[in-house]
Amino acid sequence: MSPTWKEAYRLHVVAFTELAYQAIYAVRQGNLPPTLAAGSLARKARRRVLQSKLLVSLLLAFITIGTGVVLGTTAKTFLAPALAAPLYDETVIAGLLLLDVAFLWWTGLQVLPSYLSSQVLPTLDALPVPDRSVSRAAFLLFLRLFDLPALTVIAVTPIVVGRALGSAWAGLAIIPGAVSAVVFGLALSLATGKFFLRHVQGATGGSRRGTVLRWAYLVLWTIPAFTMYGYVSLGPGLIGWMTSVTASGAGGALDGILATYPFPLASLPSLLLSGSVTVPDAGLGPIAIVVVGGAVYGSITWAAASWLLDAPGALARASAGGHAGVVTDRRLVPRSAPFAVIVKDLRIASRTPGFAFIILLPLLDAVAIGAWTVLAAPTASGAFNIASAAVATAALLATFFGPAFFAIEVMGYSYTRTLPLTERSLVLGKLSLVTTLYAVAAGTVLGIGLARLFEPLSFLGFILAEFPAVAAAALLELGLLVRVARRRGLPVTNLYSGSWWVMGVSIPGVLMAGVPLALFEIFRSVSVTTGLGVMAAVALAELAVAAPLALAGSSGRGA
Amino acid sequence: MGTPDSAATPLEVRGLVVRYGERTAVQDLSFQVRTGEIYGLLGSNGAGKSSTMKSVVGLLRPQSGSIRVLGFDPVTQGVEAKRLIGYVPETPLLFDALSAKEFLEFVASVRAIDAATANRRLENFAKAFQIEAELHQPIGLLSMGTRQKVLFMAALLHRPKLLVLDEPLHALDPRSVRIARELLRQHANSHAGGVLLSTHAMEVAERLCDRVGILDRGVLRGEGTIAELRGSASASLEEAFLKLTREEEGVREAVLSLGVD
């Protein structure tokens, strides 16, 4: 190890404790840590970061193993009997690699604020240490946030692919693809992080145009999350499309796909196993595309990895370069406390991708599936099924991500706690945000799908019947989180601090929102009206139970 | 909603104890901030000033003792007590993603200040502190001093009965320090409330405080007006401070040890 890397390693070990401490307790974001001795705070912070990394790694391992099941011959026979084996394998593996890129990218976007707000770099910069050592320390720190997830991708993917394809060589052949997925995921999170600093976080307020622009940028940020969604929902469609392209002999389209990232790297196991990347008599053309493409993407991966060496340091040193816009209106518009909480959350989300994502996901999901309702459903009753699935997804997404709205409170947390804001106002504000999200998403599906819907009044009834269940689920989740935060003095914050609690609380919430949906599916076989009646009755009963539980005694208690 | 006891003092602290694990930050601390008074908590770094301030505003739950803000307990009657308090923390950590104007709007909403009053006060404060141009900037982009000004504005927006200021002047420019001092004096005189401020700058205490409590390793070593403290110890407040905190000897030794070899 060179002296520079030795020094960087030594620096990063010390700095990582500070980074973990800031990520968990968010002291530089305005929170007060619990009244514990410094040593035990640091130990707890390091343990929580490790737990969160394990959680992300387990999820990645689970996805990879799931893909291994899809790669098996049985699944292929069921999903794509007519597609050539190499093409089927490449498509599934390419989907997995894309998913890895997207997952690491998205995780990076979540973690980046903790990395930047920890202010570790300016502290290291003040030391009499060469810039190069500090830059390398920054790289190691950034890498440390992803070490277990990155290792999981690089280690589990070859094992799963090798086992599914019955060859250790096939497993080894996917290593370049796995490494490139990790490098691209990390590089994308840093590159978009730079963009975010300049155009979103650094954007001044005050004009409608600026706000619209910020939200437009944030829509772009949801793309990685949609890759995950697309993998699950569009994967079978892609395989079907590949089958029809191969059958019709559209070689140009196939060559285009083969040249697109990550197909060349995903094709290496097939190439090694069968000597072919498409159909047996396709000639050398597709193989040449895969080999050249592999070399090109390999070079880009190498360049991205070199860029990554300095990028974390450069990003941490860069200040958000916002410039003062034209001040249009300086007047304050005071609102009721719950409404003020909603407005504050929306404003913070407009400059914070992690929170914007939570708001945009159910809405974009509704728009995407709503449009699909109009375009793809062969019959009106089919349209009802797709539209109700879209509304159900929006309800479940809104309740699953609802607890994350509480995480906004980590910012300026200690200051907010000195304001006379009651727990009731806080919970009601967040509840309104979750239910509004559901209502807007469901209304969008209704609006887009109106032309194709069978019995639009029944569909409206479906949306209204689910509404109390969404409110009950959000109340249950938020009520529990407020209690946790009060008891532990800890803001339930981002992925690296409160993920266990947020996930733990989400499970009963999602169950609560899901039970009326499941009952509708069961009872609609009797009649749609019966299904809706049962659904509404259960949803209202849930609300009657959850509301007093969540709001009892909260009106006089400070948030 | 409770109403404040007009006969009660703005702040009464009795037997306050704050511990962090094994370490005791504040030990059996008692003092009062009277109506119309600016009370200064003077102490070195780590003396327990900020822990006391945080307990008063309800951020820390003390291990024992009692605090009353115009009769309200910040722990059990947090909302009532917080309605009466304006707080400027030592480190201006706020919602970095909100602009200063958006933050002040949130504070005005939670404190239920009507629009006309809030805007009149905002206009006056912004002019006085010369931050009209920065009101639309995200707080994360503001300098430390500008953030401190925003916090001052937020603390004074509702004309609180008790102002709690933790090292309030350290990041301000000389012009703003002067304005802030005048504001605090006016506030103490005209709103029938009190001001509790912490500082380790003797000059701030001498110029601003009616009474001072000297805190050392969590224990109150002395209390009184500046004249009383000077009289009971020696000529300057600094000397009185060093004597009461028994740091005089240590300072002499430290200076000697730092001498040129």
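Residues numbered from 1 in each chain as written. Chains lettered and ligands numbered in written order. Predicted model: local features only at pLDDT ≥ 70, side-chain atom pairs only at ≥ 80, totals over all residues. Heavy atoms only, no water.

**Thoughts on the nonpolar core**
Next up, step 1: Residues A:F459, B:F103, B:L104, B:F152 and B:M153 are the most contacted members of the largest nonpolar core, which totals 122 residues.
Next up, step 2: With residues up to four places along the chain from it excluded, the contact list for B:F152 reads B:V88, B:F129, B:L165, B:P168, B:L169, B:L172, B:A180 and B:L184.
Next up, step 3: Among the nonpolar cores identified, the runner-up in size contains 72 residues, and A:A80, A:V153, A:A170 and A:I174 belong to it. (Core = buried A, V, L, I, M, F, W, Y, C linked by side-chain atoms within 4.5 Å. Buried < 20%, exposed > 50% of the residue type's maximum accessible area, 1.4 Å probe, protein only. Contact = heavy atoms within 4.5 Å.)

**Some details on the environment of A:V182**
Residues and elements named next belong to chain A.
Next up, step 1: Inspection of the secondary structure assignment puts V182 in helix α8 (residues 175-201).
Next up, step 2: On the basis of relative accessibility, which here comes to 7%, the residue V182 falls in the buried class.
Next up, step 3: Sequence spacing of V182 and L151 is 31 residues, and the spatial spacing of their C-alpha atoms is 8.9 Å.
Next up, step 4: Once residues lying within four places of it in the same chain are set aside, the contact partners of V182 are L104, A150, V153 and I154. (Helix = DSSP H or I, 4+ residues; strand = E, 2+ residues; numbered from the N terminus.)

**Examining the sheet that holds strand β2 (residues 23-33) of chain B**
Residue and element names in this part refer to chain B.
Next up, step 1: One open sheet holds the 3 strands; their spatial order is β2-β1-β4, and the pairing between them is antiparallel. Across the chains shown, the open sheet's two edge strands, defined by having one partner strand only, are β2 and β4 (64-68). Strand-to-strand twist of the sheet, defined as the mean angle between neighbouring strand axes without regard to direction, takes the value 20°.
Next up, step 2: By the bridge criterion, 4 bridges tie strand β1 (residues 11-20) to β4 in an arrangement that is antiparallel. Counterpart to R14 in the pairing with β4 is S66.
Next up, step 3: With respect to the sheet, helix α1 (residues 49-56) is in contact with β1, β2 and β4, its orientation differing from that of β1 by roughly 120°. (Pairing = 2+ DSSP bridges. Axes fitted to C-alpha atoms, helices over the stretch in contact; angles between N-to-C directions.)

**Things to note about the pairing of strand β6 (residues 162-166) of chain B**
Residues and elements named next belong to chain B.
Next up, step 1: Judged by how many residues are buried, β6 sits mostly within the fold: 5 of 5 residues are covered.
Next up, step 2: Burial along β6 is two-sided: L162, V164 and D166 and L163 and L165, pointing in opposite directions, are all buried.
Next up, step 3: For strand β5 (residues 85-88) and β6, the ladder comprises 4 bridges, and the chain directions are parallel. Bridged to I85 within β6 is L162.

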